[in-house]
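Observations on the three-dimensional arrangement
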Amino acid sequence: GQQVMQIPQYQHVQEGEDFTTYCNSSTTLSNIQWYKQRPGGHPVFLIQLVKSGEVKKQKRLTFQFGEAKKNSSLHITATQTTDVGTYFCAGDPGTYKYIFGTGTRLKVLA
Amino acid sequence: DAMVIQNPRYQVTQFGKPVTLSCSQTLNHNVMYWYQQKSSQAPKLLFHYYDKDFNNEADTPDNFQSRRPNTSFCFLDIRSPGLGDAAMYLCATSREPSYEQYFGPGTRLTVT
């Protein structure tokens, strides 16, 4: 079946270091969304990417959609303790339903 | 504030005893989703409603049913909960399919 994998599964960084999570789909996606889930919380929408090669920025966060629309990345510059949580990508393979990636759990050490 | 509300936040049920979880929204969104999220795993889509049209995922057990009596409310019924059904159940809404999803706080289900 269709799968969306993320690497790494876990990442510990020192506050101020950069962080990147990668999302890879087994099938071409029509669009991809990114969510953040704080410990004990629910997923919160961050962004949606639709176009091949699209890059979007939100303050310290940079999101990229691959040219083949099968992969995506989220890069955080100069992490802060408020960035702690699990980051999920969620891909739509054209079915108008989203398959969530396996998630990357980020811990930021002060 | 417009939002997605789930009740109860915590639910304990006995093995085999039917349970109903509820979700309401004030966003007037057309789409409502139910996800199951087990510890340290990704949310897994169980089913969704687009307006009144029900869409079941192929691997959702028959034990799980849903109702959407009106735009604002959606229910998840688990007819005979097993120990493996213990999880966080998340309701989400979106204005249209492929739009951003707004998640409720979830209901944590414990099966004893």
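Our structure's up above, just so we're on the same page.
The following refers to the structure shown.

**A look at the overall build of chain B**
Of the regular secondary structure elements, chain B holds zero helices and 11 strands. What you see in chain B, going N to C, is helices and strands ordered as β-β-β-β-β-β-β-β-β-β-β. The C-alpha atoms of chain B give 13 Å as radius of gyration, which agrees with the globular expectation for 112 residues (13 Å, within 12%). Split into buried and exposed, the 112 residues of chain B put 49% on the buried side. For chain B, the proportion of contacts with a sequence separation of at least 24, taken over those separated by at least 6, is 56%. Carbon and sulfur atoms make up 47% of the accessible area of chain B, which amounts to about 5600 Å² in all. Separation of charge centres in chain B, based on 10 positive and 10 negative side chains, amounts to 7 Å.

**Here's the deal with the side chain of A:Asp92**
Mapped onto the elements of the fold, A:Asp92 is located in strand S9 (residues 85-92). One buried charged residue, A:Asp92, forms no salt bridge at all, with the nearest opposite charge on A:Lys97 at 8.8 Å. Separated by 2.8 Å, the side chain of A:Asp92 and the backbone nitrogen of A:Gly94 make a polar contact. Of the polar contacts made by the side chain of A:Asp92, one reaches the backbone nitrogen of A:Tyr96; its length is 3.0 Å. Non-local contacts of A:Asp92, meaning those with residues more than four positions away in its chain, are made with A:Leu29, A:Ser30, A:Asn31, A:Lys97, A:Tyr98 and B:Ser98.

**Remarks on the pairing of S9(A)**
Residue and element names in this part refer to chain A. Counted residue by residue, S9 has eight buried out of eight residues, so it is predominantly covered. Here strand S4 (residues 31-37) runs beside S9; their pairing, made up of seven bridges, is antiparallel. Residue pairing in the sheet places Ile32 in a bridge with Gly91 of S9. Judged from the three bridges that link them, S9 and strand S11 (residues 104-109) form a sheet pairing that is antiparallel. Directly across from Thr86, in S11, lies its bridge partner Arg105. One ladder, built from two bridges, connects S9 with strand S10 (residues 99-100); its direction is antiparallel. Within S10, the position partnered with Ala90 by the bridge is Phe100. Taking the residues that link successive antiparallel strands as the turn, the S9-S10 hairpin has six residues, and the phi of Gly94 there is positive, at about 100°.

About the cut-offs
- Residue indices follow the written sequence of each chain, beginning from 1 at its first position.
- Just so you know, chain letters begin at A and ligand numbers begin at 1, following the order they were written in.
- The model is predicted, so local features are restricted to residues of pLDDT at least 70 and side-chain atom pairs to those at 80 or more, both for listing and for counting; the totals for chains, interfaces and linings are taken over all residues.
- By convention in this description, side-chain values take in all heavy atoms of the structure and omit both hydrogens and water.
- Secondary structure is summarised from DSSP: a helix means a run of H or I of at least four residues, a strand means a run of E of at least two, and numbering begins at the N terminus for each.
- Every radius of gyration here is taken over C-alpha atoms, with the globule rule written as 2.2 Å times N^0.38, N being the number of residues.
- Think of it in three bands: residues with accessible area under 20% of the maximum for their type are buried, residues over 50% are exposed, and the middle band is partly exposed, with areas taken using a 1.4 Å probe on protein chains only.
- Whether two residues touch is decided by their heavy atoms; if any such pair falls within 4.5 Å, the residues are in contact.
- Exposure was quantified through the Shrake-Rupley algorithm and a 1.4 Å probe, taking into account, for residues, occlusion by the shown protein chains and nothing else.
- Under this rule, positive means Lys or Arg and negative means Asp or Glu; His and the chain ends count for nothing.
- Where a charge sits is defined by one atom per residue type, namely NZ (Lys), CZ (Arg), CG (Asp) or CD (Glu).
- For this analysis, a salt bridge means a side-chain nitrogen from Lys or Arg found within 4 Å of a carboxyl oxygen belonging to Asp or Glu.
- Nitrogen and oxygen atoms within 3.5 Å of one another constitute a polar contact, given that in protein one can donate a hydrogen and the other can accept it, and given that sequence-neighbouring residues count only through two side-chain atoms.
- One requirement defines pairing of two strands: DSSP has to find at least two bridges between them.

Function cannot be read off these values alone, since they describe shape.
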